[in-house]
Amino acid sequence: MPDTSYRTYNVDDYDPAQFYEHHENQGTPNSGPDVIQVRQFLDSNKLEDALKSVILLPPLGHAEQDLKERCTSLVVLVLHSFKSVDIEEMVRKLELEDGDILMKYVYKGMQLSSDSAMCQSLLTWHSHLVERFGHGSIIRVFSGRLRL
């Protein structure tokens, strides 16, 4: 009788075209940034700390859409608090992953916002993020499976 022990592997797990939920090693989704801490940073004009705080725990993969929208509106508030001359310096300080998360927030903020001043601010952030991280950041946002 031939040896069939090689058949114990599921070859579909190695097919890149297949997607299963267990492929993404994602624990429990984050519950978003600490709103009180972010507000304190904004009140004391510590914009860099506020931005790092909101980027730290994005609610990616969370099922509650209301939480995602509240977090997005908080991030948009932080982004809008920056002066246009300070945006480029802040973007230079970001790491690649932080830039991708911020780009997700920018797109979600543009989707939710109807205020033209907010959208103008988000477009400024978008142009600086693309300048710093290239078009790959846009592609990673649109091709990523975890959404805001």
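Residues numbered from 1 in each chain as written. Predicted model: local features only at pLDDT ≥ 70, side-chain atom pairs only at ≥ 80, totals over all residues. Heavy atoms only, no water.

Identification of the protein as Actin-related protein 2/3 complex subunit 5 from Caenorhabditis briggsae is taken from an unreviewed UniProt entry. Its UniProt record gives the protein a comment under Sequence similarities (unreviewed entry), which states: "Belongs to the ARPC5 family." Turning to the protein, the UniProt annotation filed under Subcellular location (unreviewed entry) states: "Cytoplasm, Cytoskeleton". (UniProt positions renumbered as here; feature names shortened; annotations may be inferred.)

## What to know about the pattern of salt bridges
In this structure the tally under the stated criterion is 6 salt bridges. Across the pair Lys52 and Glu48 runs a salt bridge, and its minimum N-O distance is 3.2 Å. A residue pair is termed a helical-turn pair when its members lie 3 or 4 positions apart in one helix, as Lys52 and Glu48 do in helix α2 (residues 47–56) at 4 residues. Linking Glu48 and Lys93 is a salt bridge whose minimum nitrogen-to-oxygen distance equals 3.0 Å. With Glu48 in helix α2 and Lys93 in the loop between α4 (84–92) and α5 (96–112), the pair connects residues that are 45 residues apart, well separated along the chain. Connected through shared salt-bridge partners, Glu48, Lys52, Glu89 and Lys93 make up one network. (Salt bridge = Lys/Arg side-chain N within 4 Å of Asp/Glu carboxyl O. Helix = DSSP H or I, 4+ residues; strand = E, 2+ residues; numbered from the N terminus.)

## Topic: the environment of Trp125
By the element assignment, Trp125 lies in helix α6 (residues 116–133). Residues Trp125 and Glu88 lie 37 residues apart in sequence; the distance between their C-alpha atoms is 8.2 Å. Sequence-distant contacts of Trp125, defined by excluding residues within four places in its chain, comprise Leu51, Leu79, Phe82, Ile87, Met90, Val91, Leu102 and Val106. (Contact = heavy atoms within 4.5 Å.)

## Comments concerning the nonpolar core
Residues Leu51, Leu102 and Trp125 are the most contacted members of the largest nonpolar core, which totals 35 residues. The set of elements that each furnish at least two residues to this core consists of α1 (35–43), α2, α3 (65–81), α4, α5, α6 and α7 (136–143). Take this core: its biggest share by element is 7 residues, from α3. In contact with Leu51, not counting residues within four places along its chain, are Val78, Leu79, Phe82, Met90, Leu102 and Trp125. (Core = buried A, V, L, I, M, F, W, Y, C linked by side-chain atoms within 4.5 Å. Buried < 20%, exposed > 50% of the residue type's maximum accessible area, 1.4 Å probe, protein only.)

## A word on the packing of α3 against α5
Between α3 and α5, the shortest axis-to-axis distance is 9 Å and the interhelical angle comes to 100 degrees. It follows from the interaxial angle that α3 and α5 lie roughly perpendicular. Of the residues in α5, those touching α3 at Gln65, Glu69, Cys71, Thr72, Val75, Val76 and Leu79 are Leu102, Tyr105, Val106, Lys108, Gly109 and Leu112. Looking at the contact of α3 with α5 residue by residue, the classes come out as 8 nonpolar, 3 polar and 2 charged. (Axes fitted to C-alpha atoms, helices over the stretch in contact; angles between N-to-C directions. Parallel < 35°, antiparallel > 145°, perpendicular 65-115°, else oblique. Nonpolar A, V, L, I, M, F, W, Y, C, P; charged D, E, K, R; others polar.)

## Looking at the layout of surface pockets
Put simply, the largest pocket is a space of about 300 Å³. As for the largest pocket, its lining consists of 14 residues, of which Pro58, Leu60, Glu97, Ile101 and Lys104 are closest to the centre. Those elements that place two or more of their residues in the lining of the largest pocket are α2, α5 and α7. If you tally residues by element for the lining of the largest pocket, the top one is α5, at 5 residues. Of the residues assigned to the lining of the largest pocket, the class counts are 7 nonpolar, 2 polar and 5 charged. There is about 160 Å³ of room inside the second largest pocket. In this structure, the second largest pocket is lined by Lys104, Tyr107, Lys108, Gln111, Val141, Phe142, Leu146, Arg147 and Leu148. Looking at the lining of the second largest pocket, the elements with two or more residues in it are α5 and α7. Ranked by residue count, the leading element in the lining of the second largest pocket is α5, at 4 residues. Residue composition of the lining of the second largest pocket, grouped by class: 5 nonpolar, 1 polar and 3 charged. (1 Å grid on protein atoms, 1.4 Å probe; cavity = no way out; pocket = protein on both sides within 12 Å on 5 of 7 lines; lining within 4 Å. Points joined across faces, edges and corners; volume = space filled by probe spheres on them.)

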